[in-house]
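Coordinate analysis (summary)
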Amino acid sequence: MIRIGLLTAQSGPSGIWAPSSEACARLAVDEINTQYGLLGNEVQLAVIDAGETAASAAQAVDLSIEFDEIDAVVGMIPSYQRASVSNMIKGRVPFIYTPQFEGWEANRTIVTVGETSDELLTPGIDWLFDRKNATRFYLCGNDYVWPRQTLATARRIIGERGGEVVGERIVPFGFADYDRLFEEIRKSRADAVIPYFLGAEAVSFNRDFADAGLAGKVLRFSSAIDETVLYGIGPDATENLYLSSGY
């Protein structure tokens, strides 16, 4: 038997992904076992709560390995937890990292299978230029590695297309002063906003964006929204919201 540990947060901003992540993992395990198993072995899934911090994710994985509960880790976790988990695993078991991410992962003990920011932003921004005549962009997101590096990638792509970044704001988790942020967006006269907020934070931002009357006036484009977050945003807040995804 091969025991796969699914590492995903059960709380915090990224906890919104936990039910769908587990459902997808269990579906995959059922399909693998129905066929031939993995290397001829039956696969068993163990769900591991990563918690909300880099330290909690690393500790959860370490305990699972120490007690010989898992043979590999599949991580559906934010980028700020990835390095700490890899450092704790220390090559003892394989570590597969599944979400889209900022790219530039140099640690060869981590197998990344998700799309990178460059792969998702380039066609989306090209589309906004060509189809929506958008040339002025406002960038915003949470304060950690994925939004920071992704927005840096967006700045480069926009510049290469001859566009302009007319404003940018990085905010902490739990940020609530959206009125001030939205006023900055209005004053910037941006054609499009590129928001990169994590999980439940993306729900709050996009709902408030629509409530502020901006949805009908300013385009939104991101790759940071999956079906779970989209359901949370709701149909009344998705006008002029465009997304790119590899699946």
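Here, the structure is the one placed above.
Reading the values: the criteria
Residues numbered from 1 in each chain as written. Predicted model: local features only at pLDDT ≥ 70, side-chain atom pairs only at ≥ 80, totals over all residues. Heavy atoms only, no water. Pairing = 2+ DSSP bridges. Helix = DSSP H or I, 4+ residues; strand = E, 2+ residues; numbered from the N terminus. Axes fitted to C-alpha atoms, helices over the stretch in contact; angles between N-to-C directions. Contact = heavy atoms within 4.5 Å. Buried < 20%, exposed > 50% of the residue type's maximum accessible area, 1.4 Å probe, protein only. Parallel < 35°, antiparallel > 145°, perpendicular 65-115°, else oblique. Left-handed = near helix turned anticlockwise from the far one by under 90°. Nonpolar A, V, L, I, M, F, W, Y, C, P; charged D, E, K, R; others polar. Patch = residues over 30% accessible without salt bridge, like charges linked within 9 Å, V, L, I, M, F, W, Y side chains within 5 Å. Areas by Shrake-Rupley, 256 points an atom, 1.4 Å probe, with all protein chains shown as cover. Salt bridge = Lys/Arg side-chain N within 4 Å of Asp/Glu carboxyl O. Right-handed = clockwise from strand over helix to strand, strands pointing away. Core = buried A, V, L, I, M, F, W, Y, C linked by side-chain atoms within 4.5 Å.

Some details on the sheet that holds strand S10 (residues 241-243)
Pairing between the strands of a sheet comes from backbone hydrogen bonds, and it takes one of two forms, parallel or antiparallel. Judged by pairing direction, the sheet is parallel, and its five strands sit side by side in the order S7-S6-S8-S9-S10 without closing on themselves. What marks the edges here is a single partner per strand, and that holds for strand S7 (164-171) and S10. Averaged over all neighbouring strand pairs, the angle between strand axes comes to 20°, with direction disregarded. Its contacts with the sheet place helix H7 (residues 200-211) against strand S6 (136-142), strand S8 (192-196), strand S9 (219-222) and S10, and it is angled at close to 155° to S8.

Side note on the environment of Ala 154
With respect to the helices, strands and loops of the structure, Ala 154 is situated in helix H5 (residues 145-160). Assessed through its relative accessible area of 0%, Ala 154 is described here as buried. Along the backbone, Ala 154 and Ile 194 are 40 residues apart, and their C-alpha atoms lie at a distance of 8.3 Å. Look past the residues within four positions of Ala 154 in its chain and what remains in contact with it is Leu 121, Ile 125, Leu 139 and Ile 194.

Here we look at the packing of helix H6 (residues 178-188) against H7
Where H6 meets H7, the axes come as close as 11 Å, and the angle between the chain directions of the two elements is 60°. One way to sum up the angle between H6 and H7 is to call them oblique. Seen along the crossing, H6 lies across H7 with a hand that is right-handed. Facing H6, whose interface residues are Tyr 178, Leu 181, Phe 182 and Ile 185, H7 presents Glu 201, Ser 204, Phe 205, Asp 208 and Phe 209. Of the residues contributing to the contact of H6 with H7, the split by class is six nonpolar, one polar and two charged.

Quick word on a nonpolar patch on the surface
Together, Ile 32, Leu 38 and Leu 39 make up a nonpolar patch on the protein surface, roughly 290 Å² of accessible area in all. With respect to the helices, strands and loops of the structure, Leu 38 is situated in the loop between helix H1 (18-34) and strand S2 (43-49).

Observations regarding the pattern of salt bridges
On inspection of all chains with the given rule, the structure shows 16 salt bridges. Ionic pairing is found between Asp 126 and Arg 161, a salt bridge with its closest N-O pair at 3.0 Å. Separated by 35 residues along the polypeptide, Asp 126 in helix H4 (residues 117-132) and Arg 161 in the loop between H5 and S7 bring together distant segments of the chain. Between Arg 155 and Glu 168 there is a salt bridge, with the nearest N and O atoms lying 2.8 Å from each other.

Side note on the pairing of S6
The buried fraction of S6 amounts to seven of the seven residues, a majority that puts the element mostly inside the structure. In terms of strand pairing, S6 meets S7 through seven bridges, oriented parallel. Considered in S7, the bridge of Leu 139 is made with Glu 168. As for the winding sense of the linkage, the β-α-β connection from S6 through H5 to S7 is right-handed. As judged from the five bridges shared by S6 and S8, these two strands associate in the parallel manner. Paired with Tyr 138 across the strands is Val 193, a residue of S8.

Concerning the nonpolar core
Within the largest apolar cluster, 46 residues are counted, with the highest numbers of intra-cluster contacts made by Ile 125, Phe 137, Val 193, Ile 194, Phe 205 and Phe 209. Among the elements of the structure, H4, S6, H5, H6, S8, H7, S9 and helix H8 (227-233) are those that each provide at least two residues to this core. Residues in contact with Ile 194, not counting those within four places in the same chain, are Ile 125, Phe 137, Tyr 138, Leu 139, Cys 140, Leu 151, Ala 154, Ile 158 and Phe 221. With 17 residues, the next largest nonpolar core counts Ile 65, Ile 77, Tyr 97 and Phe 101 among its residues.

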